[in-house]
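The primary structure of each chain is shown beneath.
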Amino acid sequence: MGRLLNIVTPLHKRTKRNYIERMVNEKVLCMGKASEFEFDYWDGDRRFGYGGYKYDGRWKVVAEKLIEIYGLKDGAKILDVGCGKAHLLFELKKLLPKAEICGFDVSRHGLADTPPEVRPYLFRYRAQDPYPWGEGHFDLVISLATLHNLRIFELEAALKEIERVGKQKYVMVESYRSQEELFNLECWALTAEAFFDTSSWIWLYRHFGYSGDFEFIYFE
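Residues numbered from 1 in each chain as written. Predicted model: local features only at pLDDT ≥ 70, side-chain atom pairs only at ≥ 80, totals over all residues. Heavy atoms only, no water.

**Q** An account of the overall build of the chain is requested, with residue identities and associated values reported.
**A** The helix and strand inventory of the chain stands at ten helices and six strands. The C-alpha radius of gyration of the chain comes to 17 Å, within 12% of the 17 Å expected for a compact globule of 220 residues. Projecting the C-alpha coordinates of the chain onto the three principal axes gives extents of approximately 50 × 40 × 30 Å. Relative to its full complement of 220 residues, the chain shows a buried share of 51%. Counted over contacts in the chain with a minimum sequence separation of 6, partners at least 24 positions apart contribute 71%. Here the chain displays about 10,500 Å² of accessible surface, and carbon together with sulfur accounts for 52% of that area. Charge-centre separation for the chain: the mean point of 31 positive side chains lies 3 Å from the mean point of 33 negative side chains. (Helix = DSSP H or I, 4+ residues; strand = E, 2+ residues; numbered from the N terminus. Rg over C-alpha atoms; globule rule 2.2 N^0.38 Å. Buried < 20%, exposed > 50% of the residue type's maximum accessible area, 1.4 Å probe, protein only. Contact = heavy atoms within 4.5 Å. Areas by Shrake-Rupley, 256 points an atom, 1.4 Å probe, with all protein chains shown as cover. Lys, Arg positive; Asp, Glu negative; His and termini not counted. Charge placed at Lys NZ, Arg CZ, Asp CG, Glu CD.)

Have a look at this one:
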């Protein structure tokens, strides 16, 4: 299997979260709205998700790290599984203008609010469905904060497709290392279906035949 990386964690730690407030503020209702992955999730009240997903340039450093770690050159083929508003693909395209980028997501609202420069390379699709490309089509396949929203049989399907179409792979999911972090994750998560500690995630990666790199974000 691949490497444990630290790429998104610095961004994740920049946000302050009130775990108890989210848990007691009609969380079941909020989970229902968030799980639609539409306006309320991205740009509605903070109780339903991001609370207004306005881009501030934060994904540039992630794009730079991906280019460095994976030795990406102009002309590289890059797929983002669960791309959301595609700000990471936007930054990758700026740094590698001749790269062949592609991304998909389940959210109509998210895809409609992507940067115009990358919108032609995006489409609506589910991570767990068969991907319309051959083996090893992409130089790099990434998936950030998406796979933990799948049920375990869907997770298996998604990981096997990521493995199949990517020469190099990197995925990031929410996880926990202690009972406190598990409690915080259960308070905060609105859309997650997979609640696994790091050892369980690594076991699943191996069990499902995933050989790529990975990262975990924690709610400390």
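**Q** Go over the sheet that holds strand S2 (residues 100–105), please, and point to the residues and values.
**A** In spatial order, the strands read S3-S2-S1-S4-S5-S6; together these six strands make up an open sheet with parallel pairing. Looking along the sheet, the strands with just one partner apiece sit at the ends: strand S3 (122–124) and strand S6 (213–217). Neighbouring strand axes in the sheet, compared pairwise and without regard to direction, differ in orientation by 15° on average. Pairing of strand S5 (residues 169–174) with S6 involves five bridges; the strand directions are parallel. If you follow Val-171 over to S6, its bridge partner there is Phe-214. Its contacts with the sheet place helix H5 (residues 60–70) against strand S4 (140–144), S5 and S6, and it is angled at close to 135° to S5. (Pairing = 2+ DSSP bridges. Axes fitted to C-alpha atoms, helices over the stretch in contact; angles between N-to-C directions.)

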